[in-house]
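Each chain, written out:
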Amino acid sequence: MAELNCFVTQILQVSPIMKIIRIKPDGWELPEYKAGQFVALGLHASASRCADATDEPRKLAPTKLIKRAYSIASSSTQNFVEFYITLVHSGALTPRIFDLKLGDKIWMGKKATGMFTLSEIDDNQNVVLIATGTGVAPYMSMLRSNALQRKGKIMVIHGAANSWDLGYSSELNLLESMAPNFIYHPTITEPDKEPSGWTGDTRFIEAIWKDTVLEDKLGFRPTAEDTHIFLCGNPIMIDGMKEILDTEGFTVHTKRQEGQIHIEEF
Ligand SMILES: Cc1cc2nc3c(=O)[nH]c(=O)nc-3n(C[C@H](O)[C@H](O)[C@H](O)COP(=O)(O)OP(=O)(O)OC[C@H]3O[C@@H](n4cnc5c(N)ncnc54)[C@H](O)[C@@H]3O)c2cc1C
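Computed from a predicted model, the values in this text were never measured in an experiment.

Reading the values: rules and limits
- Residues numbered from 1 in each chain as written.
- Predicted model: local features only at pLDDT ≥ 70, side-chain atom pairs only at ≥ 80, totals over all residues.
- Heavy atoms only, no water.
- Helix = DSSP H or I, 4+ residues; strand = E, 2+ residues; numbered from the N terminus.
- Buried < 20%, exposed > 50% of the residue type's maximum accessible area, 1.4 Å probe, protein only.
- Pairing = 2+ DSSP bridges.
- Axes fitted to C-alpha atoms, helices over the stretch in contact; angles between N-to-C directions.
- Contact = heavy atoms within 4.5 Å.
- Near = heavy atom within 4 Å.
- Polar contact = N/O pair within 3.5 Å; in protein donor to acceptor, adjacent residues only side chain to side chain.
- 1 Å grid on protein atoms, 1.4 Å probe; cavity = no way out; pocket = protein on both sides within 12 Å on 5 of 7 lines; lining within 4 Å.
- Sits in = over half its atoms within 2 Å of the grid points.
- Nonpolar A, V, L, I, M, F, W, Y, C, P; charged D, E, K, R; others polar.
- Parallel < 35°, antiparallel > 145°, perpendicular 65-115°, else oblique.
- Left-handed = near helix turned anticlockwise from the far one by under 90°.
- Expected span 1.5 Å × (residues − 1).
- Arc of directions from axis to C-beta.
- Points joined across faces, edges and corners; volume = space filled by probe spheres on them.

> Lay out the environment of G249 with the relevant residues and their values.
Within the fold, G249 resides in the loop between α6 (235-247) and β11 (261-265). With relative accessibility at 45%, the residue G249 sits in the partly exposed group. Considered as a pair, G249 and E225 are 24 residues apart in the sequence and their alpha carbons are 9.2 Å apart.

Given below as structure tokens:
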């Protein structure tokens, strides 16, 4: 059986189906990684599943190491790694992760990968970081590393169903009040469920982009010449935004072709 090589050092229940989890390597050095990259996490199928998990579609051999990719949310300079994870009730790995207690062990792949980083983008360019749900994780890593030292403006647009699903909102609000080049714009799509009201945006991200919010908050309308757009999370939001950005002259960034739209689908 593969050895579980990390300890769980912190668990924060953000909402009934979202947790922020920190892990530390057990006797080995974390690899160098760029903010925005992801690693694999894993647990054996023999690990217990959380109480609100539903039946698994298929039975797995107890010794099987179930592995999935997770974006790192912590700064690349820390000696721990943080993740922001949504529970998929019928899933193979997340119900097992949601049953972990402090001090329990988990496996983490020793190599971080991914091109979803700011490292190739000119410092003077602006960046709009757009996420749904836990898609905000790689942006937290960027902001907690060195993104705020960039010369261009940085905006985070974060969409979720309810205000309590907007993980990291207090940290992002605080950053907005402290960093002159940073703007945070949260939106929720189920305002009727808010117990104490919600005075913020309630539109889908696509509608926000088409509106004048960006001009109002950034002071200019982003174009393909001056701004890179990052899209992370729900594939429906990513497709919708790609379609709109395409009509405005933005192109998708790939290994072969430079572009201004950077995508990470969960
Ligand atoms: C590069 C990359 C980075 C990722 N980073 C994160 C991250 O930071 N946080 C995070 O929570 N997830 C992240 N994911 C998703 C993650 O890898 C798993 O797919 C997810 O946690 C579900 O795993 P599971 O084993 O519990 O479910 P599985 O057994 O793999 O999936 C069960 C079913 O649930 C559906 N499903 C998968 N994900 C979701 C979801 N989020 N919501 C609803 N249904 C879903 C699938 O269609 C599948 O049919 C990332 C994925 C990639 C590719």
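> Provide a residue-level description of the sheet that holds β11, including the pertinent values.
The strand order across the open sheet formed by five strands is β9-β8-β7-β10-β11, and the pairing between neighbours is parallel. Two strands bound the open sheet, and with one partner strand each, they are β9 (182-188) and β11. Between one strand axis and the next, the sheet turns by 10° as a mean value, whatever way the strands run. The pairing of strand β8 (residues 154-160) with β9 spans seven bridges and is classified as parallel. Its bridge partner being in β9, I154 is matched across the sheet by F182. Helix-sheet contacts for helix α2 (residues 137-144) involve β7 (126-132), β8, β9 and β10 (227-233), and the interaxial angle to β10 is about 135°.

> Outline the site of the ligand, supporting the account with residue identities and numerical values.
Taken together, 18 residues form the shell around the ligand, and within it R68, A69, Y70, L93 and T94 come nearest. The side chain of Y70 places a nitrogen or oxygen atom 2.7 Å from an oxygen atom of the ligand. Separating an oxygen atom of the ligand from a backbone N or O atom of T86 is a distance of 3.0 Å. A majority-of-atoms criterion places the ligand in the largest pocket. Secondary structure elements with two or more residues in the shell around the ligand: β4 (65-71), β5 (81-86), α1 (94-97) and β11. The leading source of residues in the shell around the ligand is β4, at four residues. Here the shell around the ligand is built from residues that sort into 10 nonpolar, five polar and three charged.

> So what's going on with the environment of S177? Residues and values would help.
Of note, S177 is situated in helix α3 (residues 169-178). Residue S177 is classed as exposed on the basis of its relative accessible area of 58%. Among the polar contacts listed, one links the side chain of S177 to the backbone oxygen of L174, at a separation of 2.7 Å.

> Mind laying out unusual backbone geometry, listing which residues take part and the relevant values?
Working note: non-glycine residues mostly have negative phi, and peptide bonds are mostly trans. One non-glycine residue, Y168, lies in positive phi territory at about 70°. Checked against the element boundaries, Y168 lands in the loop between β8 and α3. When its relative accessible area of 8% is taken as the criterion, Y168 is described as buried.

> Explain the packing of α2 against α3 to me, using residue names and the numbers behind them.
Between α2 and α3, the shortest axis-to-axis distance is 12 Å and the interhelical angle comes to 40°. The angle between α2 and α3 places the two elements in the oblique class. Crossing angle aside, the handedness with which α2 passes α3 is left-handed. For the pair α2 and α3, contact is made by M140, L143 and R144 and by E171, L172 and L175, respectively. Here the residues of the contact of α2 with α3 sort into four nonpolar, no polar and two charged.

> An account of α6 is requested, with residue identities and associated values reported.
If you check α6, its first and last C-alpha atoms are 19 Å apart, about what 13 residues at 1.5 Å a residue would give, namely 18 Å. Residues of α6 that are buried include every one of M237, I238, G240, M241, I244 and L245, and no others. The buried residues of α6 all sit within an arc of 165° when viewed along its axis, so they share a single face. With respect to the buried face of α6, the exposed residues turned more than 90 degrees away are I236, E243, D246 and T247. The N-capping residue of α6, defined by a side-chain oxygen 2.7 Å from the backbone nitrogen of I236, is N234. Following α6 by one or two positions, G249 has its phi on the positive side, about 90°.

> Got a sec to walk through the layout of surface pockets? Specific residues and values, please.
Its volume calculated, the largest pocket comes out at about 920 Å³. Contributing elements (two or more residues each) for the lining of the largest pocket: β4, β5, β8, α4 (205-210), α6 and β11. Of the residues in the lining of the largest pocket, the class split is 18 nonpolar, 14 polar and seven charged. Empty space within the second largest pocket amounts to approximately 300 Å³. As for the second largest pocket, its lining consists of 15 residues, of which E120, I121, H253, E258 and H262 are closest to the centre. The class makeup of the residues in the lining of the second largest pocket is two nonpolar, nine polar and four charged.

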